[in-house]
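# Working through the structure, step by step
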Amino acid sequence: MDGSRKRHGDTTNQFLSAGLVIRQKEPKNLEAPFDQIVSYLTPSQLFYIRSHFPIPALDRASYQLRIDGAVRQPFALSYDELRSMPSESRVATLECAGNSRVFLVPQVQGAQWELGAVSNAEWTGVPLRALLERAGLAEDACEIVLEGADRGIPKEEPMPPGPISYAWSVPRAKAVQPEVLIAYQMNGRDLPQDHGFPVRAIVPGHYGMASVKWLTSIHAVREPFRGYWNTSDYAYWAWMDGKPVRSALGEMQIKSEIARPRVYETLAPNQIYRVCGAAWAGETDVTQIAVSTDGGRTWTAAEFLDPVRRHAWRRWRFDWLTPKEPGQYTLLARATDADGVIQPDAHDQNYGTYVINHLLPIEVFVGDPGGPQP
Ligand code: MTE
């Protein structure tokens, strides 16, 4: 992200040495340094990593992808066969549904993600629908179950009786959209192992859990899939006829985050500081972004740096003339989508420890950086 003018010049070395932030060593869960990402596309080495189990080592030469279940002609593809099919490249933002969990009060269980369980990359691969067409998807297939090669026993209750694989079911209506890719490249290079080598799914517009890594099976089903991840872990309470119903998470909700300043950063008084961040939404476009520097009392429109591109974030900036008066100030960013939906003020409890898209306060100090904090 573009920092304040004062910082801008001296950040180059920081970018070179910037690394991921550890949330859990094993399995590997690392967060992107959101305040240090300057580019539209997140460099692959700075893209956040979210893994439930130890990372499997798959061999390109023996790799097979099965497409079966509710299809007329089940088949398997080798890596080379997949690569020889017509491909597409698409930019998509992935956000983990638990991103920003550290902002929940009182604190909840789960990885304490700050702002960096979100990143934006260009993905290259074969549209899932091309594979489903070739297999002859049955008329009555309702979901497509994507399964990865990684296995283990999940930590969250209710725990399954033994090791399970990571598998996520995508509704048919989404699975057949042209943007859903069976990807083998990230930012123009082969997928890194942490991000699903040799092949992963990319489901743009949905929370990251749908983009299954180390993909080995595509299985069409005629009944809604009731697997662990769809019903227990990445699920929320939807309301049907006044009754709460456990439903799988899906579309990302509108959200913006402030990259700079950082929490508790000290800023010089009476200077222009360039506040910057990014905003994204699920199946719609982010059309407005506003910033408050007084805890939400007043709002001013910020400026987008990136054009509208469905499923990809838009970076934004706002030049703030910092107050002459030293003190603590609360910054907020608030995005609005093309349908007029605005980021909520508070976290929706129906989502439990997920979908943390409410206004996230960034508290900063204005004053002498060397002096006592007010
Ligand atoms: N796929 C497999 N096979 N195993 C996993 O643990 N994690 C999911 C998804 N795909 C996961 C997976 C989750 S929760 C997220 S947020 C994204 O991968 C993260 O993708 P990344 O590690 O490339 O950022």
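Residues numbered from 1 in each chain as written. Predicted model: local features only at pLDDT ≥ 70, side-chain atom pairs only at ≥ 80, totals over all residues. Heavy atoms only, no water.

### Some words on the overall build of the protein
- Helices and strands together make up the secondary structure of the protein, namely six helices and 24 strands.
- Taken over the C-alpha atoms alone, the protein extends approximately 70 × 50 × 40 Å along its principal axes.
- Across the 374 residues that make up the protein, the buried fraction comes to 56%.
- In the protein, of all internal contacts separated by at least 6 residues, the share reaching a separation of at least 24 is 72%.
- Accessible area for the protein stands at about 16500 Å²; split by element, carbon and sulfur atoms hold 50% of it.
- Side chains of the protein give 38 positive and 43 negative charges; the mean places of these two sets differ by 2 Å. (Helix = DSSP H or I, 4+ residues; strand = E, 2+ residues; numbered from the N terminus. Buried < 20%, exposed > 50% of the residue type's maximum accessible area, 1.4 Å probe, protein only. Contact = heavy atoms within 4.5 Å. Areas by Shrake-Rupley, 256 points an atom, 1.4 Å probe, with all protein chains shown as cover. Lys, Arg positive; Asp, Glu negative; His and termini not counted. Charge placed at Lys NZ, Arg CZ, Asp CG, Glu CD.)

### Some thoughts on the environment of D140
- Mapped onto the fold, D140 is located in the loop between α4 (128-135) and β8 (143-152).
- Once the C-alpha coordinates of D140 and G370 are considered, the two residues, 230 residues apart in sequence, prove to be 67 Å apart.
- Excluding its chain neighbours within four sequence positions, the residues that come into contact with D140 are R172, V221 and R222.

### A short note on the confidence of the model for the protein
- The predicted model of the protein averages 94 in pLDDT, with 94% of residues at 70 or higher.
- The least confident element of the protein, judged by mean pLDDT, is helix α1 (residues 5-8) at 41; the most confident is strand β12 (residues 200-202) at 99.
- Here residues 1-15 scores under 50 on pLDDT; set against residues more than four positions off or in separate chains, the count is 33 contacts. (pLDDT = per-residue confidence, 0-100.)

### Re the pairing of β8
- For β8, the tally of buried residues reaches seven of ten residues, placing the bulk of the element in the interior.
- Where β8 meets strand β9 (residues 164-171), seven bridges bridge the pair, whose relative direction is antiparallel. Note that in β9 the partner of R151 across the bridge is S165.
- Bridge analysis of β8 against strand β13 (residues 215-221) gives six bridges, and the strand direction is antiparallel. Across the sheet, I144 pairs through a bridge with A220, a residue of β13. (Pairing = 2+ DSSP bridges.)

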